[in-house]
Amino acid sequence: RLRWDSVVAVNPGIYEVVLQSEDNEMKARQELVALNRENYVVIRCGVEAQEGQSYPQELIVFPHSDPKKLTGSAAPRRAHASLLAAMVASMAMASQWFLGA
């Protein structure tokens, strides 16, 4: 599991980052193309307001890298599910912490 406000290193490759609720309902999905020696940020945004306007939960990945720049064995490979599960769990926990649930 990843902790709130954490930093992780990933190998070059194409990743699918998924935000899921505690009952495994998919809230958002975004592709992350990770190049060697590049930094990325994944931001979870949106809120289910108790009062006032709600905003849908979304994932923002920045920057967007060109998959054609992947070289060697990283090019055709997709992310390992356990890494994504850890990222999703972290985002879900962060969501609950942020919303005070």
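Quick notes on the rules
Residues numbered from 1 in each chain as written. Predicted model: local features only at pLDDT ≥ 70, side-chain atom pairs only at ≥ 80, totals over all residues. Heavy atoms only, no water. Salt bridge = Lys/Arg side-chain N within 4 Å of Asp/Glu carboxyl O. Helix = DSSP H or I, 4+ residues; strand = E, 2+ residues; numbered from the N terminus. Buried < 20%, exposed > 50% of the residue type's maximum accessible area, 1.4 Å probe, protein only. Polar contact = N/O pair within 3.5 Å; in protein donor to acceptor, adjacent residues only side chain to side chain. Lys, Arg positive; Asp, Glu negative; His and termini not counted. Core = buried A, V, L, I, M, F, W, Y, C linked by side-chain atoms within 4.5 Å.

Peer 1: What's the story with the pattern of salt bridges in this structure? I'm lost.
Peer 2: In a structure, side chains of opposite charge can pair up when their charged atoms sit close to one another. Overall, the coordinates contain two salt bridges when judged by the stated rule. In this structure, the salt-bridge partner of Glu48 is Lys27, at a minimum N-O distance of 3.5 Å. Linking Glu48 in the loop between strand E3 (41-47) and strand E4 (55-62) with Lys27 in strand E2 (residues 26-34), this pair joins segments that are 21 residues apart in sequence. Here Glu48 falls in the partly exposed class, since its relative accessible area comes to 46%.

Peer 1: Could you clarify how one ought to interpret the side chain of Gln57 in this entry?
Peer 2: The residue Gln57 is located in strand E4 in this model. Polar side-chain contacts of Gln57 include one of 3.4 Å to the side chain of Arg44. Here Glu48 takes part through its side chain, which lies 3.2 Å from a polar atom of the side chain of Gln57.

Peer 1: Could you clarify how one ought to interpret the side chain of Arg44 in this entry?
Peer 2: Position of Arg44 relative to the elements: it lies in strand E3. Of the side chains with opposite charge, Glu48 comes closest to the buried, unpaired Arg44, at an N-O distance of 6.8 Å. For Arg44, the side chain forms a polar contact with the main-chain oxygen of Gly46, separated by 3.2 Å.

Peer 1: So what exactly am I meant to see when it comes to the nonpolar core here?
Peer 2: Soluble globular proteins: nonpolar side chains tend toward being buried together. Judged by nonpolar contacts, Tyr15, Val17, Leu19, Ala28, Leu32, Ala34, Leu59 and Val61 together constitute the single largest core of eight residues. Contributions of two or more residues to this core are made by strand E1 (13-20), E2 and E4.

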